[in-house]
Amino acid sequence: MYIGVDLGTSAVKLLAMDSDGNILKTVSVEYPISFPKTGWSEQNPEDWYDGTIKGIGQLLEGLDDINVEGIGIGGQMHGLVILDENDDVIRPAILWNDGRTTAETDYLNNEIGKDKLSEYTGNIAFAGFTAPKVLWVKNNEPDNFAKIKKIMLPKDYIVYKFTGSYVSDYSDASGMLLMDVKNKCWSKEMLEICGISDIEMPVLHESFDVVGEVKDEIKSVLGISGDVKVVAGAGDNAAAAIGTGTVGEGGCNLSLGTSGTLFISSERFSVDDKNSLHSFAHADGGFHLMGCMLSAASCNKWWMDEILRDKDYSGSQKGIEKLGENNVFFMPYLMGERSPHNNPLVRAGFLGMSMDTTREDMIQAVLEGVAFGLRDSLEVARSLGIKVDVSNICGGGAKSPLWRKIVANIMNIKLEIQANDEGPALGGAILAAVGCGRFKDVKEAADSIVKVVDTVEPEQELVEKYEQKYQQFIKLYPTVKDLYK
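This section reports on the structure supplied with the text. (Residues numbered from 1 in each chain as written. Predicted model: local features only at pLDDT ≥ 70, side-chain atom pairs only at ≥ 80, totals over all residues. Heavy atoms only, no water.)

## Considerations on the packing of aromatic side chains
Centre-to-centre distance and the angle between the planes together describe a pair of aromatic rings.
Moving on, step 1. A complete count under the given rule lists 16 aromatic pairs for this structure.
Moving on, step 2. With a centroid separation of 5.3 Å and 45 degrees between ring planes, the pair formed by Phe-126 and Phe-129 is classed as tilted. For the pair formed by Phe-126 and Phe-129, the shared burial category is buried.
Moving on, step 3. Summarising the aromatic geometry, the rings of Phe-372 and Tyr-466 are spaced 6.3 Å apart at their centres and angled 75 degrees between planes, so their arrangement reads as edge-to-face. Of the two residues, Phe-372 is situated in helix H12 (residues 359–383) and Tyr-466 in helix H16 (residues 460–473); the sequence distance between them amounts to 94 residues. Tyr-466 carries the same exposure label as Phe-372, and that label is buried.
Moving on, step 4. Following the ring pairs from residue to residue traces out a cluster consisting of Phe-329, Phe-372, Tyr-466, Tyr-470 and Phe-473.
Moving on, step 5. Its guanidinium or amino end placed over the ring of Trp-136, Arg-100 lies 4.6 Å from that ring's centre, counting from NZ or CZ. (Phe/Tyr/Trp six-rings, centres within 6.5 Å; stacked < 30°, edge-to-face > 60°. Buried < 20%, exposed > 50% of the residue type's maximum accessible area, 1.4 Å probe, protein only. Helix = DSSP H or I, 4+ residues; strand = E, 2+ residues; numbered from the N terminus. Lys NZ or Arg CZ within 6 Å of the ring centre and 35° of its normal.)

Have a look at this one:
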């Protein structure tokens, strides 16, 4: 058996997969998130560890007769975890969707310069990236900065607690703005700019590399025996891509999770001239381009839970019928925006309401606004000559047939739905199976395990209606952005 872990923002999700790729069981354990100031987002790394231990314990209940051979972890990217000389966490982790680093991001992009950043790392600075967070701690919490002995990412903290190995993988480390992505090594220039050295940084590996074994004391707590290998794992989007079979040249995956991503895999490293998309390493050993919007399914969760106070997501969507005809627009910038606008200060808003606007119109606008935001990144990819006609889709939002239909028609691409919508957790289990030698490489594993069970085809009439709506949508951001300086 192989255990896959998805260390998410609101919960850790785990699954058990047998050697043939069948999912035996899934569990989820929630943990808190803190917003101490407007635009800030933090978590306690110990909550991740406790949740993972609890989740594995629940996962193994009733599966005691099956041997655990390996564990692979996909995790939320960009979060800054810092440890002192005693391996104690110095301060709460600053998360991927935290927007406090405006000054540091501006310093990197404007004073160091986007051209140099792109030369050093293949990317420019975004507020959610790890390097600006390091600079923020240096500038605002000098006492904490002086204590730093280890810098790591969220899933790497779990790997370290489980194995004692201080490592990261190329896909996750790509999002730190501290790694030379093209050459898969730490950037000496970026480390120097941030006032740190490679001594504080983890050893880099491919995602499927075995980096250690679960410690005896943890196996004792979990009630398991034998050698349990742990692979380096991957950033959540790369892990989700593995879990949806998005590997090799030209694969595409859309994720409607807390954040939203457009993920295009490639065997070669490439950069768009405006750095609107991220140029990262992939968990299959290659590379990928990725557009990331900070709020996707979380927009619908916010609207339903906090505003409408209605947990019946699917029931609330039943009255939505007039697709492509909604006059209400939603700008999905609840936490600012990353791709392609790179603006942590902009905020969400509705536009176009009238006296006859209905509850269903507002819900529909939220779903459409997220799909329009994803298309913004797709248009950047298309401008590079990349042709995307078909894509996998995953994430909690992808469970909605209505949302899938909206996405397919707004983006004018065919969507493929897999038998198992477990995304990063399945990707983690696949990486563990590859690391343990069950498959020769990631592509063989993905081809064997990931199965398409349904498709959503764009409809020409709807595509044309949504094209007109999208041309209106793209005028909104330039109109409102100066309100949020």
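Next comes the rest of the write-up.
## With respect to the side chain of Gln-76
Moving on, step 1. Structurally, Gln-76 can be placed in the loop between strand S5 (70–75) and strand S6 (81–83).
Moving on, step 2. Here Gln-76 falls in the buried class, since its relative accessible area comes to 1%.
Moving on, step 3. For Gln-76, the side chain forms a polar contact with the side chain of Gln-43, separated by 3.1 Å.
Moving on, step 4. Leave out the neighbours within four places in its chain, and Gln-76 touches Leu-7, Gly-8, Thr-9, Gln-43, Trp-48, Leu-95, Trp-96, Pro-154 and Asp-236. (Polar contact = N/O pair within 3.5 Å; in protein donor to acceptor, adjacent residues only side chain to side chain. Contact = heavy atoms within 4.5 Å.)

## Concerning the environment of Asp-421
Moving on, step 1. Examined against the element boundaries, Asp-421 turns out to sit in the loop between strand S23 (414–418) and helix H14 (423–435).
Moving on, step 2. According to the relative accessible area criterion, Asp-421 is partly exposed, its value standing at 27%.
Moving on, step 3. Distance from Asp-421 to Leu-476, taken between C-alpha atoms, is 33 Å for residues 55 residues apart in sequence.
Moving on, step 4. Every residue in contact with Asp-421, bar those within four places of it in the chain, is listed here: Cys-394, Gly-395 and Lys-399.

## Some points on the sheet that holds strand S17 (residues 260–266)
Moving on, step 1. Read across the open sheet, the 7 strands follow the order S18-S19-S17-S16-S22-S23-S24; overall the sheet is mixed. With one partner strand each, in any of the chains shown, strand S18 (278–281) and strand S24 (452–456) form the two edges of the open sheet. On average, adjacent strands in this sheet sit at an angle of 30 degrees to one another, irrespective of strand direction.
Moving on, step 2. Sheet topology places S17 next to strand S19 (residues 287–293); 7 bridges connect them, and they run antiparallel. If you follow Phe-263 over to S19, its bridge partner there is Met-290.
Moving on, step 3. Docked against the sheet, helix H9 (residues 236–243) engages strand S16 (252–256), S17, S19 and strand S22 (390–394), running at close to 65 degrees with respect to S17. (Pairing = 2+ DSSP bridges. Axes fitted to C-alpha atoms, helices over the stretch in contact; angles between N-to-C directions.)

## Focus: the pattern of salt bridges
Any two side chains of opposite charge can pair, so long as their charged atoms come close to each other.
Moving on, step 1. Per the stated rule, a full pass over the model turns up 25 salt bridges.
Moving on, step 2. As a salt-bridge pair, Arg-268 and Glu-249 come within 3.3 Å of each other at their nearest N and O atoms. Taken together, the positions of Arg-268 in the loop between S17 and S18 and Glu-249 in the loop between H9 and S16 put the pair 19 residues apart, joining distant regions of the chain.
Moving on, step 3. By relative accessible area, Arg-268 is classed as exposed at 52%. (Salt bridge = Lys/Arg side-chain N within 4 Å of Asp/Glu carboxyl O.)

## Some words on the packing of H9 against H14
Moving on, step 1. Relative to each other, H9 and H14 sit at 75 degrees, their axes nearing to 6 Å. Accordingly, the angle class assigned to the pair H9 and H14 is roughly perpendicular. Where H9 abuts H14, its residues Asp-236, Ala-239, Ala-240, Ile-242 and Gly-243 lie against Gly-423, Pro-424, Leu-426, Gly-427 and Ile-430.
Moving on, step 2. Here the contact of H9 with H14 is built from residues that sort into 6 nonpolar, 3 polar and 1 charged. (Parallel < 35°, antiparallel > 145°, perpendicular 65-115°, else oblique. Nonpolar A, V, L, I, M, F, W, Y, C, P; charged D, E, K, R; others polar.)

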